[in-house]
Amino acid sequence: MSTRAAVVGLSVAGFLISPISGSEAAGQDRSGNGVGERSVVETQADLDAGREAPVASGVIDLQRLTGPVTLDGLSDEEAWSGVEPLTLTMYEPTFRGASDRRIQLLVGYDDEALYVAGRFFHEDPSEIRAFSLTRDRWSGDDGFGVLLDTFNDNENAVRFVGLPMGARMDMTITGGGADGGGGGGGAGGPRNNSWNAFWDLQTQVTDQGWFGEMRIPFSSLRFESGEDGGVVMGMMAYAYEPGLGSRWTYPAIPQDFPYTQISAWQDVRLEDIEPRNPVYLMPYGLTGASRSAELNEAGDQWGYASTEQYEIGGDIKLNPTPNLTLDLTVNTDFAAVEADQQQINLTRFSLFFDEKRPFFQERAGIFGFDTGADRGTLFYSRRIGLSGTGQPLPIYGGARLVGRIGTWDVGLINMQTAENETTASENFGVLRLKRRVLNENSFIGAMSTSRVDVDGRYNVTYGTDGLFRVAGDEYVTLKWLQTFQGGDPLLEATPGGFDAARVVFDWTRRRQGGLSYQHAFTYSGAGYVPGVGFESRADFVRGQSDWNYQWFPGAESAFRRFWVGAQTNGWMRNGSEALGIERAFETAQINPFIQLETKPGTTFKISSNTQYEDVLTEFELSPDASIPARAYWFTEGAAEFRAPRGWMVRPNVTLTAGEFFDGRRVGVSSNVSWSVDEHLELQGGWEWNRIRFAERGQEFVSNLLRLTARGAVNTKLSVDAFVQYNSLNDLLSTNTRVRYNFREGQDLWLVWNEGLNLEREILGVPTLPFENARTLTLKYTHTFIF
């Protein structure tokens, strides 16, 4: 049983405002015209129910449905009559704030599934914000959701969201949900929108408002049954209306913590349910044609090489035990995956790109193992099946096992990639073990990765880690990692030892309200090179000290939150006698900031960054400018504006100006989203930099432009078109994906990719063709459930 935030008392019945019981809604007109027409007396007790509701405590029993549910969105069947609405509490803009909105959430279950009903009453239905018809696309819509910590481990969760037009969103949450803002990572990141499950949603918009029902089959959830046949899991439900900037949650979650923080959720019990173990067989068939520009043998003229593609393959998903999921894949294909967004690199270090391929998504958080600096991670799944430039490599097949054995969370991956012109066929292996110790918020674990090619080259890296909640919000993290590699005749073998190790110590105070901080130390030896990981630097010692103070001024203020802080980092290279490199500071950063957030959600941020860089080797920013080897001190400032999520047109702009190494930089980074209507959303982005090195007579301007159009005829037929232009390589690329979803697990994809050379005259090379490459792919997937 999980121990969550301790409080006195718990109320499940009742609601935030104007509660209507399930019995009063049941049996009324199936059109929805009768829902909510009873006389409502809004007593002060009704208005204050959520304002006085306690935070999570103990374990409560979810209510079992007393009959069948017809999934039509209205939740007016007799089965709902015994289910009381949850007591919702305003989370934002003001914790426990008052509101005149009438919203209800109900949660119940039967032998087969969990059901969630949402009722959003409106006197004027034109106030409903409904823009999205597409799976996993949020465009400023109203919505409701339920989040489940199915293993009750305070570490991993799944999230299901329903929107008014019937669009569904689902995702996974890892790392305890402490990073409420999300973000991606090599193993999925704190929030992973690429994960999809089998579940249903139906909604209706009537003259009374909008209403929705979710059905989440237990076959789509992994959980453990107790000895008494009951299942205990963490749960949080919420309603969101971005036009008001308001979110209500069950249970009450103080603003000191993100609402996604799993340890703040309510433990709930479901009686007499059993894990379901269906087998999913997911074959695909693919055909396509492509052509790409290539020089002739004489090297004096460009031509095109054309290829045709015919592929079959597929995946099998099964459950060896109720707590384990095994995925088997053959001739793995990722043709329907969204293209990467290009980035402008103004540093001498590698860039990080998020994982988007579905095969690596389910319970991806178990494979998370950050290594203490610059988004470093022991397992970076993009090492498998993608070249260093992001181009796909064929994958013969592989297996992935995730789940729980006894008290241990387990993750296992083994995959074999094909060879190409520059890379031998390789085998990739990953093993992750993790379990709770001491208390509900502490764990120990270990992880091993291996990369072995057919020519005998190998890289094996292992790590051990522990996260310990020592008191209150104070957490200590300890990690040790080590690399063994060899088999390459051009490189000296690494037999392990401290020089091939990384050590991480971190002390963090985890909270949003009041004072928080993170202090960390990382040592990394020259021989620490994780072959299946991501690291932007090697052979260093790093120190970090970040300080933050946030406060929420309350209901009377126009502001929701004030935030001040400073981030400081320092890197020292270890030095090498063999290479003649002395131990010295390589990088230092001091980044103070102040951030203001209004009640509707407008955010203003002002910051500065003072930085020291000791550059040992000259590196190129563009064909027109480079950074010579020497030491630099420079300072620049930034101002950021972020629009509320409730705006129809949502611009975000960051302005940067100041010193840049031995020159000056002015930069603009902006993006804007426009929810035109339920059939179309437009997004645009522009990143512009003007950099001058006056003393050296160098100057260049970079432009990175992005335009995305997301269209949907209905919830089945959708189109995504993505165009981007990078001035540094004068390449315009497009990625267009048309999807027809026949039903859950049955899709037809048409994918078009094209690259165009906008700068065709390059010194020493024949005139480039206008079209660099193009690919057209048709892919059909079908899921059989046994």
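To be clear, the structure that these remarks concern was listed above.
Residues numbered from 1 in each chain as written. Predicted model: local features only at pLDDT ≥ 70, side-chain atom pairs only at ≥ 80, totals over all residues. Heavy atoms only, no water.

Draft legend 1. Examining the overall build of the chain more closely. Looking only at helices and strands, one finds 2 helices and 41 strands in the chain. Here the C-alpha atoms of the chain give a radius of gyration of 27 Å, agreeing with the 28 Å that 2.2 N^0.38 yields for 786 residues. Every one of the 786 residues in the chain was classed for burial, and the buried ones make up 53%. If you take every contact in the chain between residues at least 6 apart in sequence, the share linking residues at least 24 apart comes to 62%. Counting every atom, the chain has about 33,100 Å² of accessible surface; 55% of that belongs to carbon and sulfur. A distance of 2 Å separates the average location of the 69 positive side-chain charges in the chain from that of its 101 negative side-chain charges. (Helix = DSSP H or I, 4+ residues; strand = E, 2+ residues; numbered from the N terminus. Rg over C-alpha atoms; globule rule 2.2 N^0.38 Å. Buried < 20%, exposed > 50% of the residue type's maximum accessible area, 1.4 Å probe, protein only. Contact = heavy atoms within 4.5 Å. Areas by Shrake-Rupley, 256 points an atom, 1.4 Å probe, with all protein chains shown as cover. Lys, Arg positive; Asp, Glu negative; His and termini not counted. Charge placed at Lys NZ, Arg CZ, Asp CG, Glu CD.)

Draft legend 2. Quick look at a nonpolar patch on the surface. A cluster of nonpolar side chains, Y740, F742, L748, L750, W752, L776, L778 and Y780, forms an exposed patch at the surface whose accessible area comes to about 620 Å². Among the secondary structure elements, W752 is positioned in strand β39 (residues 746-757). Exposure remark for W752: the relative accessible area of 30% places this residue in the partly exposed category. (Patch = residues over 30% accessible without salt bridge, like charges linked within 9 Å, V, L, I, M, F, W, Y side chains within 5 Å. Salt bridge = Lys/Arg side-chain N within 4 Å of Asp/Glu carboxyl O.)

Draft legend 3. Broad picture of the pairing of strand β13 (residues 246-250). Among the 5 residues of β13, 5 are classified as buried, and the element is accordingly described as predominantly covered. Residues S246, W248 and Y250 point to one face of β13 and R247 and T249 to the other, with burial holding for every one of them. Sheet topology places strand β3 (residues 89-92) next to β13; 3 bridges connect them, and they run antiparallel. Looking at β13, one finds that E92 is bridged to R247. As judged from the 5 bridges shared by strand β12 (residues 231-241) and β13, these two strands associate in the antiparallel manner. Its bridge partner being in β13, Y240 is matched across the sheet by R247. The antiparallel pairing of β12 with β13 creates a hairpin that spans 4 residues between the two strands, and G245 there sits at a positive phi of about 65°. (Pairing = 2+ DSSP bridges.)

Draft legend 4. Here's a closer look at the sheet that holds strand β10 (residues 200-206). Strands sit in the order β2-β4-β5-β11-β10 across an open sheet of 5 strands; the sheet is mixed. What marks the edges here is a single partner per strand, and that holds for β2 (63-64) and β10.

Draft legend 5. A look at the side chain of S139. By secondary structure assignment, the location of S139 is in the loop between β5 (113-121) and β6 (143-149). When its relative accessible area of 0% is taken as the criterion, S139 is described as buried. A polar contact is formed between the side chain of S139 and the side chain of R137, at a distance of 2.9 Å. (Polar contact = N/O pair within 3.5 Å; in protein donor to acceptor, adjacent residues only side chain to side chain.)

Draft legend 6. Just the nonpolar core, in detail. Residues L62, L114, L148, F160, M214, M235 and L270 are the most contacted members of the largest nonpolar core, which totals 39 residues. Among the elements of the structure, β4 (102-109), β5, β6, β7 (157-162), β11 (209-217), β12, β13 and β14 (266-270) are those that each provide at least two residues to this core. With 5 residues, β12 is the largest single contributor of residues to this core. Residues within four places of L114 in sequence aside, it is in contact with L62, V107, G108, Y109, L148, M214, R215, I216, F218 and L270. With 20 residues, the next largest nonpolar core counts L378, I384, M415 and L481 among its residues. (Core = buried A, V, L, I, M, F, W, Y, C linked by side-chain atoms within 4.5 Å.)

Draft legend 7. The pattern of salt bridges, seen in detail. Tallying each qualifying case throughout the model produces 51 salt bridges. Salt-bridge contacts for E355 lead to R357; the nearest nitrogen and oxygen are separated by 2.9 Å. Both residues of the pair, E355 and R357, count as buried. For E474, the salt bridge is made with R509, and the minimal N-O distance between the two is 3.4 Å. Here R509 lies in strand β24 (residues 501-509) and E474 lies in strand β23 (residues 474-486), a separation of 35 residues in the sequence. The class of E474 is buried, set by a relative accessible area of 14%. Three or more residues are tied together by salt bridges with common partners; here these are R348, D374, R537, R573, E586, E613 and D614.

Draft legend 8. Summary view of the packing of aromatic side chains. Tallying each qualifying case throughout the model produces 35 aromatic pairs. Centroid distance F334 to F360: 6.3 Å. Interplanar angle 35°. Geometry classified as tilted. Separated by 26 residues along the polypeptide, F334 in the loop between β17 (324-332) and β18 (395-405) and F360 in the loop between β17 and β18 bring together distant segments of the chain. Between F641 and W647, the aromatic rings sit 6.3 Å apart at their centres with planes inclined by 45°, giving tilted as the arrangement. When its relative accessible area of 24% is taken as the criterion, F641 is described as partly exposed. A relative accessible area of 38% means that W647 is categorised as partly exposed. Through pairs of rings, three or more aromatic residues link up here, namely F619, Y632, F634, F660 and F661. Between the NZ or CZ atom of K605 and the centre of the ring of F593, over which it lies, the distance is 4.9 Å. (Phe/Tyr/Trp six-rings, centres within 6.5 Å; stacked < 30°, edge-to-face > 60°. Lys NZ or Arg CZ within 6 Å of the ring centre and 35° of its normal.)

Draft legend 9. Up close: unusual backbone geometry. In this structure, the amide linkage connecting E92 to the following residue, P93, adopts the cis form with an omega of 10°. Across the junction of Y250 and P251, the peptide omega takes the value 0°, indicating a cis bond. Along the chain, the position of P251 falls in the loop between β13 and β14. With a phi angle near 55°, D272 is a residue other than glycine that sits in the positive phi range. Note on placement: D272 falls in the loop between β14 and β15 (280-295). The backbone of D374 sits at a positive phi, close to 50°, despite the residue not being glycine. Looking at the secondary structure, you find D374 in the loop between β17 and β18. On the basis of relative accessibility, which here comes to 28%, the residue D374 falls in the partly exposed class.

Draft legend 10. How the structure looks around the environment of F428. In this structure, F428 sits in strand β20 (residues 426-436). With 161 residues separating them along the chain, F428 and D267 place their C-alpha atoms 38 Å apart. In contact with F428, not counting residues within four places along its chain, are R383, I384, I413, N414, M415, T417, S450, R451 and V532.

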